[in-house]
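The lines below spell out each chain.
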Amino acid sequence: WFLPPGFLCPPIPGRADYIHHAADLLASTNNGVVPRGSEISALDLGTGANLIYPILGRAEYGWRFVASDIDPAALRNAERLLAANRLLAGRVELRRQTDRAALLRGVISPGERFDLTLCNPPFHASATAAAAGSARKTRNLGAARSDERRAPLNFGGRPAELWCPGGEVGFLSRLIAESAEFRSQVRWFTSLVSSRDSLPPLRRALAAVHPAEIRVVDMAQGQKRSRLLAWTFSARVPS
C-alpha cells in the first residue's frame, strides 16, 4: 500500500470503524446478519489515491466495489494499488467523475444497483480554511512555532480532498439532493460527518427529499469524534 507525495493519508482505524458500522447497517435489514461476499455492491465516492474503503471492505467482508474520483492522478495510484493486491482483482472498478458539479450523476449507470455508498467529504470551505486547520493540528501536536509554516506538508491532502465550496455541509447537501434521483438504485446512502454542528442543516436537507429512514451513528477513535450519517428511501425490511 503506497501513496504519492501530497495525497491524503487516511487514519486507518477510523476508516475501518466506518466499514464495520456500515456492515452493521446492512445487517439491520438482513435479519441481523452481516452480508458478505461479492453479491454486495458498494460505491466509494471520492476514493482518493489511497483506495482505503475498497481495500478494507473487500478484505473484511468480501464486498464488490465501484470507486470514483475526480482526480486522474488519484485514480492512477488507485490502479497501481489494484495491480499490487490480488485480493482486489476483478472486485474493484475505478470510475472517473468528469463533472465537477456532480457526485452520483455520471458514476451510477442506468439500471445499476448498489447496497451501499460510502463517502468521506471534504471538511473545509476554502483553501485558506484548510491551511488554517493544518496549522491548528500542528499546534495541537506541540510543534514549534517555527514549523507552522510547513503545516500543509505535515497533513497531506489535495485540494479536492480537503475543501470545497460550503465545506462538508455544502458537499453533503449536494449528495443528499442527488440521492433522491437514485432512490431506487441504492439501498443505503452513507457518509462520515466530522462536525456535530453539521447535523442540523443536513437533517433539513434530508427532510426536503423525504427519505424513509435516517440514522446517525456516533463514532470515536481516541480523541477523534465523528459520526456516520445514513439514509434510505426504501421501506425498512423487518429484521
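Residues numbered from 1 in each chain as written. Predicted model: local features only at pLDDT ≥ 70, side-chain atom pairs only at ≥ 80, totals over all residues. Heavy atoms only, no water.

Asker: Summarise the overall build of the chain; cite the residues concerned and give the values.
Answerer: Helix and strand counts for the chain stand at eight helices and seven strands. Within the span of the chain, comprising 239 residues, buried residues form 49% of the whole. Across the chain, contacts joining residues at least 24 apart in sequence account for 73% of those joining residues at least 6 apart. (Helix = DSSP H or I, 4+ residues; strand = E, 2+ residues; numbered from the N terminus. Buried < 20%, exposed > 50% of the residue type's maximum accessible area, 1.4 Å probe, protein only. Contact = heavy atoms within 4.5 Å.)

Asker: So, the side chain of T232: which residues are in play, and what are the values?
Answerer: Tracing the chain through its elements places T232 in strand 7 (residues 224-232). Residue classification places T232 among the buried residues on the basis of a relative accessible area of 1%.

Asker: Go over the environment of L87, please, and point to the residues and values.
Answerer: For L87, the position within the fold is in the loop between helix 3 (72-84) and strand 3 (92-96). Accessibility expressed as a relative area gives 46% for L87, which makes it partly exposed. C-alpha separation for the pair L87 and G62, spaced 25 residues apart in sequence, amounts to 9.0 Å. Ignoring sequence-local partners within four residues, the contact set of L87 consists of R58 and A59.

Asker: For the sheet that holds strand 5 (residues 186-193), give the residues involved together with the corresponding values.
Answerer: Spatial strand order, 3-2-1-4-5-7-6: seven strands in an open sheet with mixed pairing. Two strands bound the open sheet, and with one partner strand each, they are strand 3 and strand 6 (213-221). Averaged over all pairs of adjacent strands, the angle between their axes in this sheet comes to 20°, without regard to strand direction. When strand 1 (residues 41-45) meets strand 2 (residues 64-69), the two strands line up parallel, connected through five bridges. Of the residues in strand 2, the one forming a bridge with D44 is A67. (Pairing = 2+ DSSP bridges. Axes fitted to C-alpha atoms, helices over the stretch in contact; angles between N-to-C directions.)

Asker: Before we move on, can you summarise the packing of helix 1 (residues 12-28) against helix 2 (residues 52-61) with the specific residues and values?
Answerer: At a closest axis distance of 10 Å, the pairing of helix 1 and helix 2 adopts a crossing angle of 55°. The orientation of helix 1 with respect to helix 2, classified from their angle, is oblique. In this structure, helix 1 meets helix 2 at a crossing whose hand is right-handed. Across the interface between the two elements, I12, R15, A16, Y18, I19, H20 and A23 from helix 1 touch I52, Y53, L56, G57, E60 and Y61 from helix 2. The residue makeup of the contact of helix 1 with helix 2, split by class, is nine nonpolar, two polar and two charged. (Parallel < 35°, antiparallel > 145°, perpendicular 65-115°, else oblique. Left-handed = near helix turned anticlockwise from the far one by under 90°. Nonpolar A, V, L, I, M, F, W, Y, C, P; charged D, E, K, R; others polar.)

Asker: Summarise helix 8 (residues 199-209); cite the residues concerned and give the values.
Answerer: Note: α-helices contain 3.6 residues per turn, so residues at a spacing of three or four share the same orientation. For helix 8, every residue scored as buried is listed here: L199, L202, A205, L206 and V209. Considered in projection along helix 8, the buried side chains sweep an arc of 120° and stay on one side of the axis. Exposed residues pointing more than 90 degrees away from the buried face of helix 8 are listed as R204 and A208. Residues of helix 8 that are buried make contact with helix 7 (167-179), strand 5, strand 6 and strand 7. Of the residues flanking the end of helix 8, it is H210, one or two places downstream, whose phi is positive at about 60°. (Arc of directions from axis to C-beta.)

Asker: Residues and numbers for the nonpolar core, please.
Answerer: Counting 31 residues, the largest nonpolar core has L51, W63, V92, L94, L116 and L118 as the members making the most contacts within it. Elements that contribute at least two residues to this core include exactly helix 1, helix 2, strand 2, helix 3, strand 3, strand 4 (114-119), strand 5 and strand 7. In this structure, W63 is in contact with I19, A22, A23, L26, P35, R36, G37, I40, G57, R58, R91 and L116, ignoring residues within four places of it in sequence. Counting residues in hydrophobic clusters, the runner-up holds 26 residues, among them I108, I176, F189 and V209. (Core = buried A, V, L, I, M, F, W, Y, C linked by side-chain atoms within 4.5 Å.)

Asker: Provide a residue-level description of the pairing of strand 7, including the pertinent values.
Answerer: Within strand 7, seven of the nine residues are buried, leaving the element largely enclosed by the surrounding structure. Looking at chain direction, strand 5 and strand 7 are connected through five bridges and run antiparallel. Bridged to L192 within strand 7 is L228.

Asker: Can you lay out unusual backbone geometry for me, pointing to particular residues and giving the numbers?
Answerer: Residues other than glycine seldom take positive phi values, yet N31 does so here, at roughly 55°. Turning to its location among the elements, N31 is positioned in the loop between helix 1 and strand 1.

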